[in-house]
Amino acid sequence: MKGLISYGAVTAKVRALEGKLLTIEDYKKMAELPTVAEAVEFLRTFPAYSQTFENLSDASLHRGVIEQLLAGSLFHEYTKLYQFCSMKQRYFLDFYFMHFEIDILKRCLRNAAAHKPEALGLYRYDEFFREHSDVPLGQISQSASLDEFLGYMRGTIYEQALLPLMDREVKDSFAYETALDLFYFKKTWRDLKAKIPKWDREMIRETLGIKIEILNLQWIYRGKKYYSMVSDQIRTMLVPIRSRLKKEQLNKLIESSTAEDFYQLLSYTWYGKMLKKADMEDEPDLEILYRFILNRLHTTLEKEKPYSIASMYSYLYFKEAELKKIITVIEGIRYQVPSKEIIQYIANH
């Protein structure tokens, strides 16, 4: 089997980690708990989170702290894989590191724009970040304004992506988040050919291409529905990469006059077929469709190409999804949402 020698040990490691992922029954048990403190205590019973919430007092159970700790647990899994991989296999993890770093930057950006700086909770990984990044995350996390955040971004790899907005003195934090996403996708798409072997590269390009395209669809829809943006404005927001959409289909979507027209045109595309498979033709939702497609894609790739980068790629995807579900369950408990509603929500996301 292709890749068995190169990826046999890595795949075995990933399967061991996958065995520790939460099941739907675990989420149900947690959702039925009456308090956040009990939910956190429940998570402590799982090996993956036994140390994550160690020494966490009831007074520290607000969302920000929990998100910090869960981000730390994700990065802990990442560093374990990184140490286990060969130099060639680490090229993929370097791509993933940028994805991880940009997620952190966008969180710091939102906090800075809201004048609410917040510690990252990643102090245990300072050395790793210093070796792999030129971003002063400690200082950036303490930025109390958008201008302060942008000042720390000067001289980093991301400055070139943000500079056009900085020069125009744009104050919309969403515009900067979009610029970071665009930079990541363009750079990753370009660098894959140079650093990743063909066998693995084709798999990553397939998943990344669909991910980019769905995000483009989300930006088109939001531009139409919430911002009344004209077609030329929308085009500037899109990553110039297509996967399952034909050029003429994309142009028609961009030129659609309303959000309703957008979905009507989308129904004739590959994504319209996916809406049908997800039973969302009557109530289409791009966020849910995004998760539906990626869940199917990563599950299929992991089965069809177990001895490849797909094993790590899919595991990290599902681990990130798990952390988002945990936060959803905990916030549902905090606001006394019925457990059935919480489970229904995470089942769709």
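Placed above this text is the structure.
One structure accompanies this document, and this report is about it. None of these values were measured; they are calculated from a predicted model.

Some words on the pattern of salt bridges
- Counted by the stated rule, this structure contains 17 salt bridges.
- Here E25 ties to K28 by a salt bridge, and the two come within 3.6 Å at their closest N and O atoms. Here E25 pairs with K28, and both are found in helix α2 (residues 24–31), just three residues apart, close to one helical turn.
- Among the residues examined, E25 registers a relative accessible area of 43% and is labelled partly exposed.
- Salt bridges linked by common partners bring K187, R190 and D191 together as one network.

Here we look at the packing of helix α5 (residues 87–113) against helix α8 (residues 146–153)
- Closest axis-to-axis distance for the α5/α8 pair is 7 Å, and the angle between their directions is 145°. In this structure, α5 uses L105, C108, L109, A112 and A113 to contact α8, whose residues at the interface are L146, F149 and M153.
- For the contact of α5 with α8, a count of residues per class yields eight nonpolar, no polar and no charged.

Observations regarding unusual backbone geometry
- Phi at H115 is positive, roughly 60°, even though this residue is not glycine.
- By the secondary structure assignment, H115 is in the loop between α5 and α6 (126–132).
- The phi dihedral of Q336 is positive, around 60°, even though this residue is not glycine.
- With respect to the helices, strands and loops of the structure, Q336 is situated in the loop between α17 (310–334) and α18 (339–348).
- For Q336, a relative accessible area of 70% translates into the label exposed.

Things to note about a negative patch on the surface
- A surface patch of negative charge is lined by D279, E281, D282 and E283.
- You can see D282 is positioned in the loop between α15 (270–277) and α16 (286–304).

Observations concerning the environment of R235
- Within the secondary structure, R235 sits in helix α12 (residues 231–237).
- Note on R235: relative accessible area 32%, which makes it partly exposed.
- Those residues within four positions of R235 in sequence are excluded, and the remaining contacts are N251, I254 and E255.
- At 3.4 Å, the side chain of R235 and the side chain of N251 are in polar contact.

Some words on the nonpolar core
- Of all hydrophobic cores here, the largest spans 124 residues; its most connected members are M312 and I326.
- Looking at this core element by element, the count peaks at 13 residues for α5.

Notes on helix α14 (residues 259–266)
- If you check which residues of α14 are buried, you get A259, F262, Y263 and L266. For α14, the angular spread of the buried residues around the axis is 90°, confining them to a single face.
- Along its buried surface, α14 packs onto α11 (198–225), α13 (247–255), α15 and α16.

So, the environment of L105
- Note that L105 resides in helix α5.
- On a C-alpha basis, the gap between L105 and D126 in space is 15 Å, while along the polypeptide they are 21 residues apart.
- If sequence neighbours within four positions are ignored, L105 has contacts with V135, L137, I140, F149, M153, Y158 and L180.

Quick look at the side chain of S231
- Residue placement: S231 occurs in helix α12.
- A distance of 3.1 Å separates the side chain of S231 from the side chain of E255, its partner in a polar contact.
- The residues contacting S231, other than those within four sequence positions of it, are K224, I254 and E255.

So, how was this worked out
Here the residue index of a chain counts from 1 through its sequence in written order. Where local features are concerned, this predicted model is filtered to residues with pLDDT of at least 70; where side-chain atom pairs are given and counted, the filter is 80 or more; whole-chain, interface and lining totals use all residues. No hydrogens and no water enter the side-chain calculation; it runs on all heavy atoms of the structure. The working definition used for a salt bridge is a side-chain nitrogen of Lys or Arg within 4 Å of a carboxyl oxygen of Asp or Glu. Only DSSP runs of H or I covering at least 4 residues are called helices, and only runs of E covering at least 2 are called strands; the numbering of each starts at the N terminus. Partly exposed residues are those whose accessible area sits between 20% and 50% of the maximum for their type, while under 20% is buried and over 50% is exposed, using a 1.4 Å probe and protein chains only. Angles run from 0 to 180 degrees between N-to-C directions of axes, and those axes are lines fitted to C-alpha atoms, restricted for helices to the stretch in contact. The contact criterion used is simple: two residues touch if any of their non-hydrogen atoms lie within 4.5 Å. Gly is placed with the polar residues, together with every amino acid not listed as nonpolar (Ala, Val, Leu, Ile, Met, Phe, Trp, Tyr, Cys and Pro) or charged (Asp, Glu, Lys and Arg). Exposure above 30% relative accessible area and no salt bridge define the residues that can form patches, which grow by joining like charges within 9 Å and nonpolar side chains of Val, Leu, Ile, Met, Phe, Trp and Tyr within 5 Å. Each accessible area is a Shrake-Rupley result for a 1.4 Å probe, and residues are judged covered by the shown protein chains and nothing else. We score Asp and Glu as negative and Lys and Arg as positive, and we do not count His or the chain ends. Here the site of a charge means atom NZ of a Lys, CZ of an Arg, CG of an Asp or CD of a Glu. Polar contact is the term for a pair of N or O atoms within 3.5 Å; when the atoms are in protein, one must be able to donate a hydrogen and the other to accept it, and sequence-neighboring residues count only if both atoms are side-chain atoms. The definition of a nonpolar core used throughout is a set of buried Ala, Val, Leu, Ile, Met, Phe, Trp, Tyr and Cys residues joined through side-chain atoms within 4.5 Å. Read the arc as the range of directions from the helix axis to the C-beta atoms.

None of this, on its own, says anything about what the molecule does.
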